[in-house]
Amino acid sequence: ARKTTAAYHHGDLRAALIAAATAQVERAGPESVSLNALAKQLDVSQAAPYRHFRSRDELLAVVATEAFDRLNEEMRIALQRAPAQSKLKRAAHAYLRIGTENGGLYRLMYGSDLVDQAEVGSDLQVAVEAGFQIWLTAFEPSLPLATRERIALRMWVALHGVVTLTDQGFLPLKVRTARPENIVEDVIRETKREIAAAMS
């Protein structure tokens, strides 16, 4: 324990706090994260985490930023590997998979006030905007930018709804046969129709 604590005091504590907070968010939700509890878990003084993060929210903002970065990278990989005609499908199903497999982190990313409270130009705001820019690459590049942004935003909203309802246990429901994957396919078809109409 003494050796571990000494290592943290030599500059590893920040990374350890981020990793521990990320695991706690995924295990029990963002509301369960406490700097004091993390300090106890990592066997450091109660004051030690505050040398790296001024508050719990500052730590959670870093966790959320890293979660957005990972989502963005997964989306980027999915789009790079997809043929042009399958980009929307690959991107949409990748988003569904990432969101539903990482429920605690997804709730932190979209269900907290962190993004709204983040300063313009902060790492968190930049990560969110980067994700939207990645989405735009899934759409027909010949469309005007404003049209692509409008359609991409609408698709993002729809997919977010599917992920959220799935996380909350509404999809599928015992009395309802609709599955998230099938609804995402409907969203893709509707989006493709909207793109075709915009190009006609």
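Structure's up top.
Here goes a summary of the coordinates provided. (Residues numbered from 1 in each chain as written. Predicted model: local features only at pLDDT ≥ 70, side-chain atom pairs only at ≥ 80, totals over all residues. Heavy atoms only, no water.)

Re the overall build of the protein
Here comes step 1: Looking only at helices and strands, the protein has nine helices and zero strands in total.
Here comes step 2: For the protein, the α and β elements follow one another from N to C terminus as α-α-α-α-α-α-α-α-α.
Here comes step 3: By residue count, 41% of the 200 residues in the protein fall in the buried class.
Here comes step 4: Pairs at least 24 apart in sequence give 66% of the contacts found in the protein among residues at least 6 apart.
Here comes step 5: As presented, the protein carries roughly 11,200 Å² of accessible surface, and 53% of it is formed by carbon and sulfur atoms.
Here comes step 6: When the 25 basic and 24 acidic side-chain charges of the protein are each reduced to a single mean position, those positions are 5 Å apart. (Helix = DSSP H or I, 4+ residues; strand = E, 2+ residues; numbered from the N terminus. Buried < 20%, exposed > 50% of the residue type's maximum accessible area, 1.4 Å probe, protein only. Contact = heavy atoms within 4.5 Å. Areas by Shrake-Rupley, 256 points an atom, 1.4 Å probe, with all protein chains shown as cover. Lys, Arg positive; Asp, Glu negative; His and termini not counted. Charge placed at Lys NZ, Arg CZ, Asp CG, Glu CD.)

As for the layout of surface pockets
If you roll a probe as big as a water molecule over the atoms, it shows you where there is empty space left.
Here comes step 1: Counted as a void, the largest pocket has a volume near 380 Å³.
Here comes step 2: Lining the largest pocket are 16 residues, with Asp57, Glu58, Ala61, Ala118 and Ser122 positioned closest to its centre.
Here comes step 3: Within the residue set of the lining of the largest pocket, elements represented by two or more residues are α3 (56–81), α6 (114–117) and α7 (123–136).
Here comes step 4: When residues of the lining of the largest pocket are assigned to their parent elements, the largest contribution, six residues, is made by α3.
Here comes step 5: Counted by class, the lining of the largest pocket contains five nonpolar, four polar and seven charged residues. (1 Å grid on protein atoms, 1.4 Å probe; cavity = no way out; pocket = protein on both sides within 12 Å on 5 of 7 lines; lining within 4 Å. Points joined across faces, edges and corners; volume = space filled by probe spheres on them. Nonpolar A, V, L, I, M, F, W, Y, C, P; charged D, E, K, R; others polar.)

Topic: helix α9 (residues 180–199)
Here comes step 1: The end-to-end C-alpha separation of α9 is 29 Å, in line with the 28 Å expected for 20 residues at 1.5 Å each.
Here comes step 2: Restricting attention to buried positions, one finds in α9 the residues Pro180, Val184, Glu185, Val187, Ile188, Thr191 and Ile195. Down the axis of α9, the buried side of the element spans an arc of 160°, and every buried residue falls inside it. With respect to the buried face of α9, the exposed residues turned more than 90 degrees away are Arg193 and Ala197.
Here comes step 3: Where α9 is buried, its residues contact α4 (87–101) and α8 (145–167). (Expected span 1.5 Å × (residues − 1). Arc of directions from axis to C-beta.)

Some remarks on α7
Here comes step 1: Here α7 spans 20 Å end to end across 14 residues, near enough to the 20 Å set by a 1.5 Å rise per residue.
Here comes step 2: Among the residues making up α7, those that are buried are Leu124, Ala127, Val128, Gly131, Phe132, Ile134, Trp135 and Leu136.
Here comes step 3: Here the buried face of α7 lies against α3, α4, α6 and α8.

Side note on the packing of aromatic side chains
Here comes step 1: Under the definition given, this model contains six aromatic pairs.
Here comes step 2: Judged by centre distance (6.0 Å) and plane angle (50°), the ring pair of tyrosine 95 and tryptophan 135 falls under tilted. Highlighted residues: tyrosine 95 in helix α4 and tryptophan 135 in helix α7, separated in sequence by 40 residues.
Here comes step 3: The exposure class of tyrosine 95 is buried, given its relative accessible area of 2%.
Here comes step 4: Ring centres of phenylalanine 132 and tryptophan 156 lie 5.8 Å apart, and the angle between their planes is 25°; this geometry places the pair in the stacked category. With phenylalanine 132 in helix α7 and tryptophan 156 in helix α8, this pair connects stretches of sequence that are 24 residues apart. A single burial state applies to phenylalanine 132 and to tryptophan 156, both of which are buried. (Phe/Tyr/Trp six-rings, centres within 6.5 Å; stacked < 30°, edge-to-face > 60°.)

Points about empty space enclosed by the protein
Here comes step 1: By the definition in use, this model includes one cavity of 30 Å³ or more.
Here comes step 2: A volume near 90 Å³ is recorded for the largest cavity.
Here comes step 3: As for the largest cavity, its lining consists of Phe68, Leu71, Asn72, Met75, Tyr95, Tyr110, Ala127, Val128, Gly131, Phe132, Trp135 and Trp156.
Here comes step 4: For the lining of the largest cavity, the elements supplying multiple residues, two or more each, are α3 and α7.
Here comes step 5: Counting residues per element, the lining of the largest cavity draws most heavily on α7, at five residues.
Here comes step 6: Its residues assigned to classes, the lining of the largest cavity comprises 10 nonpolar, two polar and no charged.

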